Amino acid sequence: RKDLLDIQSLTDEELDFILTNAVPFKNLFKRSVKKVPTLRGRTVLTLFYEPSTRTRSSFEVAASRLSADVVNFSVSTSSVVKGESVLDTISTLEAMRTDYVVVRHSNSGIPNLIAKNTTASVINAGDGFHAHPTQALLDVFTLKEVFGGDVRGARIAFIGDIQHSRVARSTNLLCRRMGMHTAMLAPSSLIPRDLPQDIAVFGSWAELYAWKPDVIYLLRVQMERQNVPFFPSLGEYHRQFGMTDDRLARVRDAGVWVMHPGPVNRGVELTDNVMTYERCLIDQQVENGIAVRMSVLYWLKPGSATEEAVV
Ligand code: CP
């Protein structure tokens, strides 16, 4: 396999390989091992046409812990601002013999286009509304930790801006593939028309409580992607769909886990108290992002084989 572009393309064996090998990578940090030589001599280029804190930095930390050289391509200070196309940028970088390109772009499909035009391994770090496969992998890795390794039968509800969320698309897909039950709660204007037929869609928290979720996945309201005034205001969204302190109390009583991909909009998707809720998994998701991305880089290493030792 050369690239990681979406969840659909992964075989069950590949999925299992990535999730299984993330465990020893995570355990290394617990033993305070800072670096392993797995990718010594390889170069990882991060190419982000959209802002990122978690994905970009965790790929950079992951690559550096695998002893790869990391080149951070800064789009805002590159010739892209002079009008250079994505493909011209890639052919320039190709000449530098990069082994991996980690790319984020606001247009769906750009990572696929790049992958067809480079010999480097391309990893989709989020493209438009389409996909965010490493987020889905780290989310499911986190859920497996919480549910003792087997997530089958667990119930997860995604709340919020589903229409514009590549996280909802990829994580929902992977959760269903792992045997979880999934549901959505959102204003009708933020529910995509292409949802699977058998997915439960709710319009209120009351309906959601009745469904008895084990996990609530709050999605970021993506202000940068709204082309109409947002529902009808952020305050109204918070009142109707956000995790308020009252809803948090009910969620706590039921022992429900809470996830969010970050960055959070405090006072919109959630209140401050959610961040310190004992079953809030946000920090664990970020921590696991490094181990899972190490595992992805290792999986895509040219010549790597499933029987090769991780360390
Ligand atoms: N979850 C996520 O993609 O966060 P960033 O936008 O900070 O990378």
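Residues numbered from 1 in each chain as written. Predicted model: local features only at pLDDT ≥ 70, side-chain atom pairs only at ≥ 80, totals over all residues.

### A word on the site of the ligand
At step 1: Residues in contact with the ligand, as listed here, are Ser52, Thr53, Arg54, Thr55, Arg56, Gly126, Gln135, Pro261, Gly262 and Pro263.
At step 2: Top contributing element to the shell around the ligand by residue count: helix 2 (residues 54-65), with 3 residues.
At step 3: Taken together, the residues that form the shell around the ligand break down as 2 nonpolar, 6 polar and 2 charged. (Near = placed C-beta within 6 Å. Helix = DSSP H or I, 4+ residues; strand = E, 2+ residues; numbered from the N terminus. Nonpolar A, V, L, I, M, F, W, Y, C, P; charged D, E, K, R; others polar.)

### Regarding the packing of helix 5 (residues 133-146) against helix 11 (residues 282-299)
Relative orientation and spacing of two packed helices are given, respectively, by the angle between their axes and the distance between those axes.
At step 1: Contact geometry of helix 5 with helix 11 gives a least axis separation of 8 Å together with a crossing angle of 115°. Where helix 5 crosses over helix 11, the two elements pack in a sense that is right-handed. Two secondary-structure elements touch here, helix 5 through Thr134, Leu137, Leu138, Asp139, Phe141 and Thr142 and helix 11 through Gln284, Gln285, Asn288, Gly289, Val292, Arg293 and Val296.
At step 2: Looking at the contact of helix 5 with helix 11, its residues break down into 5 nonpolar, 6 polar and 2 charged. (Axes fitted to C-alpha atoms, helices over the stretch in contact; angles between N-to-C directions. Left-handed = near helix turned anticlockwise from the far one by under 90°. Contact = placed C-beta atoms within 7 Å.)

### Some details on the pairing of strand 1 (residues 43-48)
At step 1: Counting buried positions along strand 1 yields 5 of 6 residues, so the element is predominantly enclosed.
At step 2: Taken together, the 5 bridges between strand 1 and strand 2 (residues 69-73) define a ladder with parallel strand orientation. Among the inter-strand pairings, Thr43 is bridged to a residue of strand 2, identified as Asp69.
At step 3: Taken together, strand 1, helix 2 and strand 2 form a β-α-β motif whose crossover is right-handed.
At step 4: Taken together, the 5 bridges between strand 1 and strand 3 (residues 100-105) define a ladder with parallel strand orientation. If you follow Leu45 over to strand 3, its bridge partner there is Val101. (Buried ≥ 20, exposed ≤ 12 C-beta atoms within 10 Å, placed from the backbone. Pairing = 2+ DSSP bridges. Right-handed = clockwise from strand over helix to strand, strands pointing away.)

### Some remarks on unusual backbone geometry
At step 1: Omega for the bond connecting Gly262 with Pro263 falls within 30 degrees of zero, at -10°, which places this linkage in the cis form.
At step 2: Positionally, Pro263 belongs in the loop between strand 9 (257-259) and helix 10 (272-275).
At step 3: Although it is not a glycine, Lys212 sits at a positive phi angle of roughly 60°.
At step 4: Structurally, the position occupied by Lys212 is in the loop between helix 7 (205-211) and strand 8 (215-218).
At step 5: Note on Lys212: 10 C-beta atoms within 10 Å, which makes it exposed.

### Concerning the nonpolar core
At step 1: With 81 residues, the main nonpolar core has Val102, Ile159, Tyr217, Val258 and Leu297 as its most contacted residues.
At step 2: The greatest single-element share of this core, amounting to 8 residues, is contributed by helix 11.
At step 3: Other than its neighbours up to four places away in sequence, Leu297 contacts Leu39, Val44, Ala62, Ala63, Leu66 and Tyr100. (Core = buried A, V, L, I, M, F, W, Y, C linked by C-beta atoms within 7 Å.)

### Here we look at the UniProt feature "domain: Aspartate/ornithine carbamoyltransferase carbamoyl-P binding" (unreviewed entry) in the chain
At step 1: Within the UniProt annotation, "domain: Aspartate/ornithine carbamoyltransferase carbamoyl-P binding" (unreviewed entry) is assigned to residues 2-145.
At step 2: Annotated as residues 2-145, this span is 42% helix and 17% strand, and its ends, taken at the C-alpha atoms, are 28 Å apart. (UniProt positions renumbered as here; feature names shortened; annotations may be inferred.)

### Quick look at the sheet that holds strand 4 (residues 121-127)
At step 1: With parallel pairing, 4 strands are arranged side by side in an open sheet as 2-1-3-4. Only two strands of the sheet have a single neighbouring strand rather than two, namely strand 2 and strand 4. Sheet twist, expressed as the mean angle between neighbouring strand axes with direction ignored, is 15°.
At step 2: Inspection of the sheet shows strand 3 paired to strand 4 by 5 bridges, in the parallel sense. Within strand 4, the position partnered with Tyr100 by the bridge is Ser121.

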